[in-house]
Amino acid sequence: MGFFRRAVAVLALICLGCSAQSAPAVPPDVARHVERQVRNYYSIPSDVKLLFSSLRPSDFPNYDGLTITLDNGEKKKEYEFLLSKDGKTLIRINRFDLTKDPFADVMKKINVAGRPTRGNKAAKVVAVNFDDFECPFCSRMHRNLFPELLREYGDRVLFIYKDFPLAEIHPWATRAAVDANCLAVQNADAYWGFADYIHANQSLVNSSKGRENQFASVDGIALQQGQQHNLDAAKLQACIKEQNDDSVKASLREGESLGVEATPTMYINGEKVDGAVPIADIRAVLDRALLEAGLQPPPHPVAPASGGPPGSPSVQ
C-alpha cells in the first residue's frame, strides 16, 4: 500500500510537470515588447495594467494563444491574441461560432419580467432601451420612439425600458428611476406618463437649486402622475420615501454585463443601437428585425421635398 501511494504521488508530480511545460509563461523580454505595442496601438492609459496569461496551443501553426487582460482596478476585460513562437509577431484575432445566434444570446441575458411595456405584447420584435431620465440624449431618443415610432410599429414591436442612470454625472437620475418604478408597481401607464413628462421637461428639474430641491421636484412629478392615474397615494408616497434602488442597481449590473457604457443604448431583438441615432437608423434596424421574423415592416412617412432643384441651398 505504501508503494502504491508513492507511485501515485510520483505520477502526480510528473503530470504537474507536464502541465507546467504545456503552459509556459510569456518570456519577460517578449512581454515587454507586447505591452509597448498594445499600449501604443490601442491608446491604453498608463494606469491600466496589462496582465498576460500563460501561452497555450492554438489552431494556427507556429502560433500560441495568449489572453491579455486589461485591469483598471475596478473592471477587467479580456482580449485574445496569437503570439508567434519566435516571439516576433502578435496577431489580434476573433473567432465566431456560426452555429450560435449572438443577438438571441443577448436577449436571453436581459430580464424584462415585470417591466412596463408599450406596443404589441405578443410581438416577435422586442426593443429594450437602457435609459437615464436625466440624460439629454435619452430625451432625444425618447422623442423618436414616442409617439412617432410607436405609431408606426406599435402593432408589430414591443418597447421596454430598463434603468441605467449615470449617477456620477446625473445626480437625480437614480431618484427618477426609483420613482418611476414606484409608479410601475401600481400602473404601467403611470410609469410611461412619468417617462414622457420627465424626458420632455428635464429643464424643470435641472432649474431647481440644489440636489434636495431636484429630488423634491422629481418626487412631485411622480406624485402628480399617481394622482392623474388614480393610484393608491399612501403606497406611492411610502415607496418614494423608502427609495429602494435594488432593482435599479440590478439593471445597471445587467447593462454593464452586456457592454452598456453610455445612454441611450437599445437592443432590438439583440442588435445594439448605440446612442441617440437618427430616426431613420432606428427604422432600418426595426425593419431588418421584422423581416428576419418573417413580418412585413410598416409603410414609412415620405420625406418632405427639399423645395428646390438638386444642389440648391435649403432654407434654415
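Reference entry: report on the structure contained in this document.

Conventions adopted
- Residues numbered from 1 in each chain as written.
- Predicted model: local features only at pLDDT ≥ 70, side-chain atom pairs only at ≥ 80, totals over all residues.
- Heavy atoms only, no water.
- Pairing = 2+ DSSP bridges.
- Helix = DSSP H or I, 4+ residues; strand = E, 2+ residues; numbered from the N terminus.
- Axes fitted to C-alpha atoms, helices over the stretch in contact; angles between N-to-C directions.
- Expected span 1.5 Å × (residues − 1).
- Buried < 20%, exposed > 50% of the residue type's maximum accessible area, 1.4 Å probe, protein only.
- Contact = heavy atoms within 4.5 Å.
- Phe/Tyr/Trp six-rings, centres within 6.5 Å; stacked < 30°, edge-to-face > 60°.
- Lys NZ or Arg CZ within 6 Å of the ring centre and 35° of its normal.

### With respect to the sheet that holds strand β7 (residues 125-131)
Then, in step 1: One open sheet accounts for five strands, arranged β6-β8-β7-β9-β10; its pairing is mixed. Across the chains shown, the open sheet's two edge strands, defined by having one partner strand only, are β6 (117-119) and β10 (271-274). Neighbour to neighbour, the strand axes of the sheet diverge by 20° on average, direction disregarded.
Then, in step 2: Summarising the sheet, β6 and strand β8 (residues 157-163) pair through three bridges and their orientation is antiparallel. Directly across from threonine 117, in β8, lies its bridge partner isoleucine 160.

### Some details on helix α8 (residues 211-228)
Then, in step 1: Look at α8: 26 Å from first C-alpha to last across 18 residues, which is about the 26 Å you get at 1.5 Å a residue.
Then, in step 2: For α8, the set of buried residues is Gln214, Phe215, Ser217, Val218, Asp219, Ile221, Ala222, Gln225 and Gly226.
Then, in step 3: In the core, the buried residues of α8 are packed alongside α5 (173-186), α6 (188-200), α7 (202-206) and α9 (233-242).
Then, in step 4: Trailing α8 by a residue or two, asparagine 230 shows a phi angle of about 55°, which is positive.

### Structural notes on unusual backbone geometry
Then, in step 1: Of the consecutive residues phenylalanine 146 and proline 147, the connecting peptide bond is found in the cis state with omega at 10°.
Then, in step 2: Backbone geometry at asparagine 230 places phi at a positive 55°, although glycine is not the residue there.
Then, in step 3: Note on placement: asparagine 230 falls in the loop between α8 and α9.
Then, in step 4: Assessed through its relative accessible area of 70%, asparagine 230 is described here as exposed.
Then, in step 5: The residue glutamine 243 is not glycine, and still its phi comes out positive at about 55°.
Then, in step 6: Along the chain, the position of glutamine 243 falls in the loop between α9 and α10 (246-258).

### Things to note about the packing of aromatic side chains
Then, in step 1: With the rule as written, the count across this model stands at nine aromatic pairs.
Then, in step 2: Each ring, one from phenylalanine 130 and one from phenylalanine 164, has its centre 6.2 Å from the other, and the planes form 90°; the classification is edge-to-face. Taken together, the residues span a long stretch of sequence, with phenylalanine 130 in strand β7 and phenylalanine 164 in the loop between β8 and α5 at a distance of 34 residues. Each member of the pair, phenylalanine 130 as well as phenylalanine 164, carries the same accessibility label: buried.
Then, in step 3: Geometrically, the ring pair formed by phenylalanine 146 and tryptophan 192 is edge-to-face, given 5.3 Å between the ring centres and 65° between the ring planes. Of the two residues, phenylalanine 146 is situated in helix α4 (residues 136-153) and tryptophan 192 in helix α6; the sequence distance between them amounts to 46 residues. Tryptophan 192 carries the same exposure label as phenylalanine 146, and that label is buried.
Then, in step 4: What links up through ring pairs into an aromatic cluster is the set Phe146, Phe159, Tyr161, Tyr191 and Trp192.
Then, in step 5: Taking the ring centre of phenylalanine 81 as reference, the NZ or CZ of arginine 92 above it sits at 5.6 Å.
Then, in step 6: For the cation-ring pair, arginine 118 lies above phenylalanine 146, with the distance from its terminal atom to the ring centre recorded as 4.6 Å.

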